[in-house]
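# Structural description and commentary
Each chain, written out:
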Amino acid sequence: MKKIPLYLLALCTAASAAPYYLPTPPGGGLTPADWQPNWRLQGLYAVGAKHTPDTWGFRSGLELYSNEDSAIRHEFGINAAPQWGDGHRRRHDARAHQDLFLLPITAGYTLNLGLGEDTFLFLGGKAGWAVGHYKEKSHLHRESTTCNGFTFSAGGGLKVQCSERIYAHIGYEFGRTYTNTHHDDTFGQHIISAGIDWKF
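Rules behind the numbers
- Residues numbered from 1 in each chain as written.
- Predicted model: local features only at pLDDT ≥ 70, side-chain atom pairs only at ≥ 80, totals over all residues.
- Heavy atoms only, no water.
- Salt bridge = Lys/Arg side-chain N within 4 Å of Asp/Glu carboxyl O.
- Helix = DSSP H or I, 4+ residues; strand = E, 2+ residues; numbered from the N terminus.
- Buried < 20%, exposed > 50% of the residue type's maximum accessible area, 1.4 Å probe, protein only.
- Contact = heavy atoms within 4.5 Å.
- Pairing = 2+ DSSP bridges.

For the rest of this paragraph, the subject is the pattern of salt bridges. Evaluation of the coordinates by the stated rule reveals seven salt bridges. A salt bridge links Asp 197 to Arg 40; the shortest N-O distance between them is 2.8 Å. A residue pair is termed long-range when its members are at least 10 positions apart, and Asp 197 in strand β10 (residues 186-199) and Arg 40 in strand β1 (residues 36-49) qualify at 157 residues. What makes Asp 197 buried here is its relative accessible area of 0%. It is possible to trace a salt-bridge network through shared partners that takes in Arg 40, Glu 63, Glu 75, Lys 159 and Asp 197.

In structure tokens:
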């Protein structure tokens, strides 16, 4: 009889050492347990379309991935992407110098498709509101104004899982911002991005 407590103690010790896994809920649908929070940091270079100056900057945001172990991963995010740039354009038959600061704040969705064990093709879009400041100056006119307005972008690229917590990615997107400048300028951009995602 004295051996029974020893057997119970051994069973309790083994049970406590075994890993514990949350049971998968029935039905196969997405649950809060499937979402993985990620912090994103990207470097940006945007080639201006038509009269938009080229800009450079960075994008930072919070992303949520779903279904971590699936070849198809859904992603939702909120991002801010400050950009600075300058250039030249012709206005009123004169060559004008431009200075631009733009801060798009957007929410978006991205679809990640598995190409291999650690490689994904991603396609997505985002939309939101941009705030900033625009200056234009020539010997015929001068303008200095805010340039707030609706903004959106869409594109895709490649993402590689480098470790359990780190993803590296490179992508292209086309963006457009509608502003309230004196001439109601529309800024179009071809945006090249490269950066990392870090999983919490």
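What follows concerns the environment of Ser 193. Its place among the elements puts Ser 193 in strand β10. Its relative accessible area of 4% is what places Ser 193 among the buried residues. Counting along the chain gives 22 residues from Ser 193 to Gly 171, while the straight-line C-alpha distance between them is 5.3 Å. Once you skip the residues sitting within four places of it in the chain, Ser 193 turns out to touch Gln 42, Gly 43, Leu 44, His 169, Ile 170, Gly 171 and Glu 173.

Burial along strand β9 (residues 166-178) is one-sided: Tyr 167, His 169, Gly 171, Glu 173, Gly 175 and Thr 177 are buried, while Ile 166, Ala 168, Ile 170, Tyr 172, Phe 174, Arg 176 and Tyr 178, pointing the other way, are not. Summarising the sheet, strand β8 (residues 149-161) and β9 pair through 11 bridges and their orientation is antiparallel. Across the sheet, residue Leu 158 finds its bridge partner in β9, namely Ile 170. If you look at the hairpin formed by β8 and β9, you'll find four residues sitting between the two strands. Bridging between β9 and β10 involves 13 bridges; their strand directions are antiparallel. Bridge assignment links Ala 168 to a residue of β10, and that residue is Ile 196.

So, to be careful, I would describe these as geometric facts and stop short of saying anything about function.
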